[in-house]
Amino acid sequence: MSPSEASRAKSAQSTQVLRRFRVVFNAVRTHFKQVEKQVGLGGAQVWALSVIRDQPGVGLGELARSMDVHQSTASNLVKGLQTKGLIRADKGQVDKRQVQLFILPPAQALLAKSPGPFEGVLPDALAQLPEHTLQQLDHDLAELIALLRVDESAGGIPLADL
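Note that the structure is predicted; figures quoted are calculated from it, not measured. For every chain, the first residue of the written sequence is number 1, and numbering continues from 1 onward in sequence order. Selection of residues for local features in this predicted model requires a pLDDT of at least 70, selection of side-chain atom pairs for listing and counting requires 80 or more, and totals for whole chains, interfaces and linings are taken over all residues. Side-chain metrics rest on all non-hydrogen atoms present in the structure, leaving aside hydrogens and water.

Undergrad: Any chance you could explain the overall build of the protein chain here in plain terms?
TA: For the protein chain, the helix and strand inventory stands at 7 helices and 2 strands. Each radius of gyration reported is based on C-alpha atoms, and the globular scaling rule is 2.2 Å times the count of residues to the power 0.38. Taking 2.2 N^0.38 as the reference for a compact globule, 162 residues should give roughly 15 Å; the C-alpha atoms of the protein chain span a radius of gyration of 20 Å, well beyond that estimate. Residue pairs at least 24 apart in sequence account for 54% of intrachain contacts in the protein chain once pairs closer than 6 positions are excluded. Averaging the positions of the 18 positive and the 16 negative side-chain charges in the protein chain gives two centres separated by 9 Å. For helices the rule is a DSSP run of H or I covering at least 4 residues; for strands it is a run of E covering at least 2, with both sets numbered from the N terminus onward. Contact definition: two residues touch when any of their heavy atoms are within 4.5 Å. His is not counted here, nor are the chain ends, while Lys and Arg score as positive and Asp and Glu score as negative. The atom standing in for a charge is NZ when the residue is Lys, CZ when it is Arg, CG when it is Asp and CD when it is Glu.

Below, the structure is given as structure tokens:
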């Protein structure tokens, strides 16, 4: 293969990978738009509701860990859900500084009509990949992120909020 043929082949491959990223981003955006249209809540709020429903009494820290977001992000989600009357926060029995979160009936109704998966289509799809594929994808994306020279703290922002 000549250098110009190799360059064209690499360019075609780069274009194909870019198209695949566009397909992934579009799938994520379409899912979250559909969620918001059907239930009137953002995708991250719906995900938080599903975690609170599935783990009654969950604390703020555990909610943040379950969603892989910063605790301040989880706190903002909780405030919004409380304001909308979808969850309640009770003081902990042992440590009054801790809160325990519980879903309320209106939130149950919203979750019932929300299209799944609640955590989003990308985390759901990633969970279905074989471990070796995930490891290779992680390695390859780490290389890409290094070339982009970006702040990796954005990794803690829910996709629904991007």
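Still more to cover.
Undergrad: I'm lost on the pattern of salt bridges in this one. Help?
TA: Where charged atoms from two side chains of opposite charge come close, those side chains can pair. Whenever Lys or Arg places a side-chain nitrogen within 4 Å of a carboxyl oxygen from Asp or Glu, that contact is recorded as a salt bridge. For the coordinates displayed, the defined rule picks out 3 salt bridges. A salt bridge links R65 to E62; its shortest N-O distance comes to 3.2 Å. With R65 and E62 both in helix α3 (residues 60–67) and 3 residues apart, this pair spans about one turn of that helix. Summary of the burial criterion: residues with accessible area below 20% of their type's maximum are buried, those above 50% are exposed, and those between are partly exposed, where the area comes from a 1.4 Å probe applied to protein chains only. According to the relative accessible area criterion, R65 is exposed, its value standing at 58%. On the accessibility criterion, E62 (33% relative accessible area) is partly exposed. Here R88 and D90 are joined by a salt bridge, their closest N and O atoms 3.1 Å apart. Since its relative accessible area comes to 25%, D90 is described here as partly exposed.

Undergrad: It is not clear to me how unusual backbone geometry should be interpreted in this structure. Could you clarify?
TA: Leaving glycine out, the prevailing phi sign among residues is negative, and the prevailing peptide bond configuration is trans. The linkage connecting G116 with the following residue, P117, adopts the cis geometry, with an omega of -5°. In this structure, P117 sits in the loop between α5 (105–113) and α6 (121–128). Notably, D68 is not glycine yet its phi reads approximately 55°, a positive angle. The class for D68 is exposed, based on a relative accessible area of 56%. One non-glycine residue, R149, lies in the positive phi region at around 55°. Relative to the elements of secondary structure, R149 occurs in the segment after α7 (131–148).

Undergrad: Sorry if this is basic, but what is going on with the packing of helix α2 (residues 43–54) against α5 here?
TA: Between α2 and α5, the shortest axis-to-axis distance is 10 Å and the interhelical angle comes to 115°. By crossing handedness, the relation of α2 to α5 is classed as left-handed. Residue-level contacts link V46, L49, S50 and R53 of α2 to A107, Q108 and L111 of α5. For this classification, Asp, Glu, Lys and Arg are treated as charged, while Ala, Val, Leu, Ile, Met, Phe, Trp, Tyr, Cys and Pro are nonpolar and the rest, including Gly, are polar. Split by residue class, the contact of α2 with α5 holds 4 nonpolar, 2 polar and 1 charged. Here the axes come from fitting lines to C-alpha atoms, over the contacting stretch only for helices, and the angles between their N-to-C directions go from 0 to 180 degrees. Note on convention: the crossing is left-handed when the near helix lies turned anticlockwise from the far helix by less than a right angle, right-handed when the turn is clockwise.

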